[in-house]
Amino acid sequence: MSLRRYLQLDVFAHRIGAGNPLAVVFDAQGLDDAAMQSFAAWMHLPETVFLLPPQDGADYRVRIFTPTRELDFAGHPSVGAAWAVLDARRVPAGCEAMVQQCAAGSLPVRIVHDATGPRVSVRTPRARPLPVEPDRAALQAILRDLPAGALRPALWDNGARWWLAEVEDARALRAWRPELAAIAALGGDALGLALFAPGDVAGCARTVRAFCPADGFAEDPVTGSANAAIASALLAAGRLSAGDSYSASQGREVGRDGRVELSVDEAGEVWVGGRVQAVIRGSVEW
């Protein structure tokens, strides 16, 4: 066992306690797949990210684990990892661009420095709808108490898979109490079900909730990959265009107040970002 630097971060948080917790393990060389997975399970945070030496011209490399599986990509671990690399001075302090290497490929990172500290955005893997038809009766039963929005429910993949469904009214979405066992049974190798509605928080264009009971969490506090998939679905539907950006509110139903920043660049790629707060600094032995 080796002693390694450790951070616990609050991602998509404009203040401590508002976002999604992330475990960050530095210098994870020597940890094999089983050790990484067992540590992530032991931590039982939505995700744990392991930082490794980069390859192929990247600034850093990550592996991302939930308590039950490894992911090719996830939003809040990617944003948090980039912030951690900058915070640890693994790159110059005023750095405005990096490249993250992960199982989904090499992803550009942008950093904006202002009076409140660095704000990180990551270009997400290009999302695609999958030709997997949901069990319509099961999905209709899950969503029966919600007023449906314009987009038809579908399974999307951007390195993580989410069933997406649009809801017409934010108040109805915030008050909703889902049947978690039915969501866990939706299939498609998805992390869960992400729902979105028009925004009801100042400065936020959309309200989002994401449920992933099959992965050990009834409701994820703030979900970068799901928000990015939602932006991709809106882009594909012609409801977003190159150059558009917006913020989403997520997490109030579980005592958080996350703010996720989404943007579409001129090439039609979706970026996800936000602010990060450090909560725990120390070391870990595993």
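Residues numbered from 1 in each chain as written. Predicted model: local features only at pLDDT ≥ 70, side-chain atom pairs only at ≥ 80, totals over all residues. Heavy atoms only, no water.

(A) Spatial organisation of the overall build of the protein. What the protein contains, in helices and strands, is 6 helices and 18 strands. For the protein, the spread of C-alpha atoms along the three principal axes comes to 50 × 40 × 35 Å. A buried classification covers 55% of the 286 residues belonging to the protein. In the protein, of all internal contacts separated by at least 6 residues, the share reaching a separation of at least 24 is 62%. Carbon and sulfur atoms form 50% of the exposed surface of the protein, whose accessible area is close to 11600 Å². Taken together, the 28 basic and 33 acidic charged side chains of the protein have centroids lying 3 Å from each other. (Helix = DSSP H or I, 4+ residues; strand = E, 2+ residues; numbered from the N terminus. Buried < 20%, exposed > 50% of the residue type's maximum accessible area, 1.4 Å probe, protein only. Contact = heavy atoms within 4.5 Å. Areas by Shrake-Rupley, 256 points an atom, 1.4 Å probe, with all protein chains shown as cover. Lys, Arg positive; Asp, Glu negative; His and termini not counted. Charge placed at Lys NZ, Arg CZ, Asp CG, Glu CD.)

(B) The UniProt feature "active site" (unreviewed entry) in the protein, seen in detail. The positions that UniProt labels "active site" (unreviewed entry) are, in the present scheme, Glu47. As for its placement among the helices and strands, Glu47 is situated in strand S3 (residues 47-52). Residues in contact with Glu47, not counting those within four places in the same chain, are Pro21, Leu22, Ala23, Ile64, Phe65, Thr66, Leu71, Ala74, His76 and Pro77. (UniProt positions renumbered as here; feature names shortened; annotations may be inferred.)

(C) Fine view of the pairing of strand S4 (residues 60-65). Among the 6 residues that make up S4, 5 are buried, leaving the element largely enclosed by the rest of the structure. Sheet topology places S3 next to S4; 5 bridges connect them, and they run antiparallel. When the bridges of S4 are listed, Leu51 appears paired with Val62. Relative to strand S6 (residues 97-102), S4 runs parallel, the two sharing 2 bridges. (Pairing = 2+ DSSP bridges.)

(D) Spatial organisation of the pairing of strand S7 (residues 105-114). In terms of strand pairing, S6 meets S7 through 6 bridges, oriented antiparallel. Counterpart to Cys102 in the pairing with S7 is Gly105. Hairpin connection, S6 to S7: the antiparallel pair is bridged by 2 residues. Summarising the sheet, S7 and strand S8 (residues 117-123) pair through 6 bridges and their orientation is antiparallel.

(E) Summary view of the pattern of salt bridges. All chains considered together, the criterion is met by 21 salt bridges. For Arg90, the salt bridge goes to Asp27, with nearest N and O atoms at 3.2 Å. Within this pair, whereas Arg90 is found in the loop between helix H2 (75-87) and S6, its partner Asp27 is found in the loop between strand S2 (20-25) and helix H1 (33-43), the two being separated by 63 residues in sequence. Each member of the salt-bridge network shares a partner with another, and the members are Arg174, Asp200, Arg209, Glu219 and Glu253. (Salt bridge = Lys/Arg side-chain N within 4 Å of Asp/Glu carboxyl O.)

(F) View of the side chain of Ser121. Along the chain, Ser121 turns up in strand S8. Exposure remark for Ser121: the relative accessible area of 14% places this residue in the buried category. Beyond its immediate chain neighbours, meaning those up to four positions away, Ser121 contacts Pro108, Val109, Arg110, Trp271, Val272 and Gly273.

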